Each structure stands twice: as structure tokens, then as C-alpha cells.
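Take a look at the letters that make up each chain.
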Amino acid sequence: EATITLKTCPLCSAQHESFFSVCLICTEAQEAERQEAAAKARQQQKNEQWLDLCPANYRATDWNRASLHPACAIVASTWWPAADGKGLGLRGASGIGKTRAMWEILKRLHFTGRKVMALDAIALEQAAADRHHATVSENHAARRLIDRAKRAGILFLDDIGKETASPSVAKVMHDIIECRTRERLVTLWTTERTGQELGLRLGQDYGDGLVRRLREFSTI
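Enquirer: Honestly, the overall build of the chain in this entry has me stumped. Any pointers?
Expert: In terms of regular secondary structure, the chain is built from eight helices and seven strands. Structurally, the chain occupies a C-alpha span of about 85 × 45 × 30 Å along its principal axes. Residue burial in the chain is summarised as follows: out of 220 residues, 38% are buried. Partitioning the contacts of the chain with sequence separation of at least 6, the portion at a separation of at least 24 is 70%. A total accessible area of about 12900 Å² is found for the chain, and carbon and sulfur atoms account for 51% of it. The positive charge centre, built from 31 side chains, and the negative charge centre, built from 27, are 4 Å apart in the chain.

The structure is reproduced here in C-alpha cells:
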């Protein structure tokens, strides 16, 4: 049988009985230091990820600016996703703070551990085109981007309706929203257009279905 002998802790010089050379107090202190260092590393990683994700123009917003709508300021600080997967849509004129509000929401979600993704309508249009008319690497990158948009925990689609109207873009957007609503994944979105305008712009094959899903699965 192993015998516990009196030992001197090499860290604090305290006498203690243990199988180990380091005393219990110092062991616990070392573990606390490791946990603190790990927490700092995780926080640093989140900070770096956020800087990579969020454009510099949207990292800070002065909501006292007269041009910004009070409703945008309210949702920016109070909105959280519900358990039923219902998302959030902000519709209104350019410059009232729709996109800024969404980025503040994304920031809160990101720093509480949610996986977030942002994609503007123009980038989505480019991905829809690259799926068929680009190099092999661009084709694969476009398909990966679209697949990520379908499966992201939280997706922000910015400026729906700014993309060039085409069946290809409409189909990709419809497929993304269809997949996300089916899986109850939260989608945030902004637009300057009414539902009727979006439906007409995206065409009869996809427009009405897309608008219906956005209305059903979003607080607008």
C-alpha cells in the first residue's frame, strides 16, 4: 500500500500530507488561474471573431442621432430570439438605423455564445451567379456560402430587395428561407420594400412564397 508522507509544497513551502508534492491550496489556486486564463482566451477569441464579422461602420452607434428611428433603437437593445425560432424583420426607408439595430442584436447574441452569420443581398446575388458562371473554386465557395446561410444558428439578411431581380437569385433566397423556417432557425432581415413590392420583384415562382414565410416566421 502507498504511504502518505509529510511533504513540503514547492510553491508555498507549507507542510502537508499528500501523495502529491503541491499542497491542496496551491493546486486549487493553479486550477483557478488556468480557468481564468482559459476564460480570457475565449473572450479574446470572441472579440477577434466579432471584429472579423462586423464592418467597422457598425461597431458603435449613437442612437441619439436624429435620423435614427426610435423603434430601431428599442429593438437593438431589447430583442432576443424566441424558442419558436421566430425572427425579426425591419422595414423602412434608408438611413433610419435598420442595419445598425441588427448588428447590435448580432453583437449581443455573439457574445452570449450564439453562432451568427451576416449576408447582404448583393453578396447573395453574387453567390447565386457564381454557382453557375464562375471558376471551380468560386463555384464551390458560393455553394458553401449558401449552405452556411441555410444552416447558421442566427442569420442576418441585409437589404432584401437591393439585389438584381432574377429567377436565380429568387430561387436561392427562397431556398434559404424555406430551409431555415423548416428547421426553426432564426432569421433577421431588413428591407426598404413592402411585401407586395418584394413579391413582384422576386417573381411569381418564388416571390409570394418567400414573402409569406418572412411574414409568418418574423416579427416585423
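Enquirer: Would you mind showing me how to read the sheet that holds strand E5 (residues 154-160) here?
Expert: Two modes of strand pairing occur in sheets, parallel and antiparallel, and in both the strands are linked by backbone hydrogen bonds. With respect to topology, five strands assemble into an open sheet ordered E4-E5-E6-E3-E7, the strand pairing being parallel. Edge positions in the sheet fall to strand E4 (116-120) and strand E7 (218-219), since each of these pairs with one other strand and no more. Packed onto the sheet, helix H4 (residues 121-130) meets E4 and E5 and runs at close to 80° relative to E4. Against the sheet, helix H5 (residues 136-151) engages E4 and E5, with an angle of about 125° to E4.

Enquirer: When you look at the packing of helix H2 (residues 70-78) against helix H3 (residues 98-111) in this model, what are you seeing that I'm missing?
Expert: Direction vectors running N to C along H2 and H3 enclose 10°, while the axes themselves pass 8 Å from each other. On the basis of their axis angle, the class for H2 and H3 is roughly parallel. Touching Cys-72, Val-75, Ala-76, Ser-77 and Thr-78 of H2 are Lys-98, Ala-101, Glu-104, Ile-105 and Arg-108, all from H3. In terms of residue class, the contact of H2 with H3 is made up of five nonpolar, two polar and three charged.

Enquirer: I would appreciate a short explanation of the pairing of strand E6 (residues 186-191) in the present structure.
Expert: The side chains of a regular strand alternate between both faces of the sheet. With six of its six residues buried, E6 lies for the most part within the structure. Of the two faces of E6, the one holding Val-186, Leu-188 and Thr-190 and the one holding Thr-187, Trp-189 and Thr-191 are both buried throughout. Relative to E6, strand E3 (residues 87-91) is paired through four bridges, and the arrangement is parallel. Its bridge partner being in E6, Arg-91 is matched across the sheet by Thr-191. Note: E5 against E6, five bridges, orientation parallel. Bridge assignment links Ile-160 to a residue of E6, and that residue is Thr-191. Handedness of the crossover is the feature at issue here: the chain leaves E5, passes through helix H6 (residues 167-182), returns alongside E6, and the resulting connection is right-handed.

Enquirer: For this particular structure, what's the right way to read the environment of Arg-108?
Expert: Topologically, Arg-108 is positioned in helix H3. Note: C-alpha distance between Arg-108 and Ser-21 (87 residues apart in sequence) is 45 Å. The residues contacting Arg-108, other than those within four sequence positions of it, are Val-75, Ala-76, Ser-77, Thr-78, Trp-79 and Trp-80.

Enquirer: What is the right way to read the pattern of salt bridges from this model?
Expert: Between side chains of opposite charge, pairing is possible as soon as their charged atoms come close. Per the counting criterion, the structure on display carries nine salt bridges. The closest approach of N and O atoms between Asp-147 and Arg-151, which form a salt bridge, is 3.1 Å. A residue pair is termed a helical-turn pair when its members lie 3 or 4 positions apart in one helix, as Asp-147 and Arg-151 do in helix H5 at four residues. For Asp-147, a relative accessible area of 34% corresponds to the partly exposed category. The salt bridge partner of Lys-171 is Asp-175, with a shortest N-O separation of 2.8 Å. Placement of the pair is Lys-171 and Asp-175 together in helix H6, with a separation of four residues, close to one helical turn. Residue classification places Lys-171 among the partly exposed positions, given a relative accessible area of 33%. The class for Asp-175 is partly exposed, based on a relative accessible area of 23%. Where salt bridges share partners, they join Glu-178, Arg-182, Glu-183 and Arg-213 into one cluster.

Enquirer: Looking at this model, I keep getting lost on the pairing of strand E1 (residues 5-8). Mind explaining?
Expert: Direction of pairing for E1 relative to strand E2 (residues 15-18): antiparallel, over a ladder of four bridges. Of the residues in E2, the one forming a bridge with Lys-7 is His-16.

What counts, and where the lines are drawn
Residues numbered from 1 in each chain as written. Predicted model: local features only at pLDDT ≥ 70, side-chain atom pairs only at ≥ 80, totals over all residues. Heavy atoms only, no water. Helix = DSSP H or I, 4+ residues; strand = E, 2+ residues; numbered from the N terminus. Buried < 20%, exposed > 50% of the residue type's maximum accessible area, 1.4 Å probe, protein only. Contact = heavy atoms within 4.5 Å. Areas by Shrake-Rupley, 256 points an atom, 1.4 Å probe, with all protein chains shown as cover. Lys, Arg positive; Asp, Glu negative; His and termini not counted. Charge placed at Lys NZ, Arg CZ, Asp CG, Glu CD. Pairing = 2+ DSSP bridges. Axes fitted to C-alpha atoms, helices over the stretch in contact; angles between N-to-C directions. Parallel < 35°, antiparallel > 145°, perpendicular 65-115°, else oblique. Nonpolar A, V, L, I, M, F, W, Y, C, P; charged D, E, K, R; others polar. Right-handed = clockwise from strand over helix to strand, strands pointing away. Salt bridge = Lys/Arg side-chain N within 4 Å of Asp/Glu carboxyl O.

Bear in mind that shape data such as this cannot, by itself, settle questions of function.
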